[in-house]
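One letter stands for each residue in the lines below.
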Amino acid sequence: MPGSYHDVTCLRQSSLWKRMHSQQQHLLFDRGQYLLGDSGYTSGERLVAAFRNAGGDKDKTDFNTCIAHVRIANEHCIGILKSRWHSLKEMRTQLKNHAENQYLVRWVRCCILLHNFLNRRRDDWTEADGPIEVEVESEVQIPAPPTPLLDERAMIARGRRRRLEVQSKCLAYMRNVNGH
């Protein structure tokens, strides 16, 4: 989806979202694993979001701070990716049709895949070093899940329980580390 769409809209339209709420979620997450999101998201069983309004509640504020530290690390990862692949810095293209959008998505995916490949090899190659020839067999297609999405209210209730569980563990860890 183009960058003008909100992150939540993009997530809810994705196959990731459908698989996260299906009987196939065990293929994506091990027990106790989940995604972290900012306060624009709604917590779910596999997505834990920051609190929208901490309202002076120290536990909520501390939890949001904990999540913010993880999100900052994620932003640093994106910065490292862009420093290796300079073409990702200036992708100022008007998306006039679906084909142009798909082209940009494939471009970004290729940069990410090559970045991860080079990281595993501990290679310091950058885009400025010259072209890499890669043979691609075919695009991987992930089938949609066969099971329906959960009822929205049940999903929100599970999300609230999950967020409180994660918040409790996060705060216990922070207090243990800080000696409070």
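What you see is a predicted model, and the numbers here were worked out from it, not measured in a lab.

(A) Fine view of the overall build of the protein chain. Each helix and strand counted, the protein chain has five helices and two strands in total. Evaluated residue by residue, the protein chain yields a buried proportion of 25% over its 180 residues. Restricting the contact set of the protein chain to residue pairs at least 6 apart, pairs at least 24 apart contribute 55%. Total accessible area on the protein chain is roughly 13200 Å²; 52% of this is exposed by carbon and sulfur atoms.

(B) Quick look at the nonpolar core. By size, the foremost hydrophobic cluster in this structure holds nine residues: V8, L11, W17, M20, F29, Y41, L47, A49 and M155. Of all the elements in the fold, those that place two or more residues in this core are helix 1 (7–13), helix 2 (15–20) and strand 2 (47–49). Ignoring anything within four residues of it in the chain, the contact list for M155 reads R12, W17, H21, S43 and G44. Counting residues in each nonpolar core, the second largest holds seven residues, with A50, F51, F63 and I67 among its members.

(C) Looking closely at the packing of aromatic side chains. Taken as a whole and judged by the stated rule, the model has two aromatic pairs. Between the aromatic rings of F51 and F63, the centroid separation amounts to 5.8 Å while the plane-to-plane angle is 70°, which identifies the pairing as edge-to-face. Here F51 is found in the loop between strand 2 and helix 3 (58–84), whereas its partner F63 is found in helix 3, with 12 residues between them in sequence. Each of the two residues, F51 as well as F63, counts as buried. With 6.2 Å between their ring centres and 35° between their planes, Y103 and W107 make a pair best called tilted.

(D) Region of the structure containing the packing of helix 3 against helix 4 (residues 98–121). Close contact between helix 3 and helix 4 brings their axes to 10 Å; oriented N to C, the two are set at 95°. Comparing the axis directions of helix 3 and helix 4 gives the class roughly perpendicular. Between helix 3 and helix 4, the residues in contact are I80, L81 and R84 and C111, I112, H115, L118 and N119, respectively. Of the residues belonging to the contact of helix 3 with helix 4, the class tally is five nonpolar, two polar and one charged.

(E) Just the side chain of S43, in detail. Mapped onto the elements of the fold, S43 is located in the loop between strand 1 (35–37) and strand 2. Here the side chain of S43 touches A49 through a polar contact of 2.9 Å, landing on its backbone nitrogen. Non-local contacts of S43, meaning those with residues more than four positions away in its chain, are made with V48, A49, M155, I156, G159, R160 and R163.

(F) How the structure looks around the pattern of salt bridges. Counted according to the given criterion, the structure contains six salt bridges. Measuring nitrogen to oxygen at the nearest pair gives 3.8 Å for the salt bridge that ties E165 to K169. Placement of the pair is E165 and K169 together in helix 5 (residues 152–178), with a separation of four residues, close to one helical turn. Among the charged side chains, a salt-bridge network with shared partners connects R162, E165 and K169.

(G) Inspection of helix 4 at higher detail. Look at helix 4: 35 Å from first C-alpha to last across 24 residues, which is about the 34 Å you get at 1.5 Å a residue. Taken together, the buried positions of helix 4 are N101, L104, C111, H115 and L118. At its buried positions, helix 4 is contacted by helix 3. If you check the start of helix 4, you find a side-chain oxygen 3.1 Å away from the backbone N of A99, and it comes from N97.

(H) Inspection of the environment of S87 at higher detail. The topology assignment puts S87 in the loop between helix 3 and helix 4. Considering only alpha carbons, one finds S87 and C111, 24 residues apart in sequence, at a separation of 9.1 Å.

What counts and how
Residues numbered from 1 in each chain as written. Predicted model: local features only at pLDDT ≥ 70, side-chain atom pairs only at ≥ 80, totals over all residues. Heavy atoms only, no water. Helix = DSSP H or I, 4+ residues; strand = E, 2+ residues; numbered from the N terminus. Buried < 20%, exposed > 50% of the residue type's maximum accessible area, 1.4 Å probe, protein only. Contact = heavy atoms within 4.5 Å. Areas by Shrake-Rupley, 256 points an atom, 1.4 Å probe, with all protein chains shown as cover. Core = buried A, V, L, I, M, F, W, Y, C linked by side-chain atoms within 4.5 Å. Phe/Tyr/Trp six-rings, centres within 6.5 Å; stacked < 30°, edge-to-face > 60°. Axes fitted to C-alpha atoms, helices over the stretch in contact; angles between N-to-C directions. Parallel < 35°, antiparallel > 145°, perpendicular 65-115°, else oblique. Nonpolar A, V, L, I, M, F, W, Y, C, P; charged D, E, K, R; others polar. Polar contact = N/O pair within 3.5 Å; in protein donor to acceptor, adjacent residues only side chain to side chain. Salt bridge = Lys/Arg side-chain N within 4 Å of Asp/Glu carboxyl O. Expected span 1.5 Å × (residues − 1).

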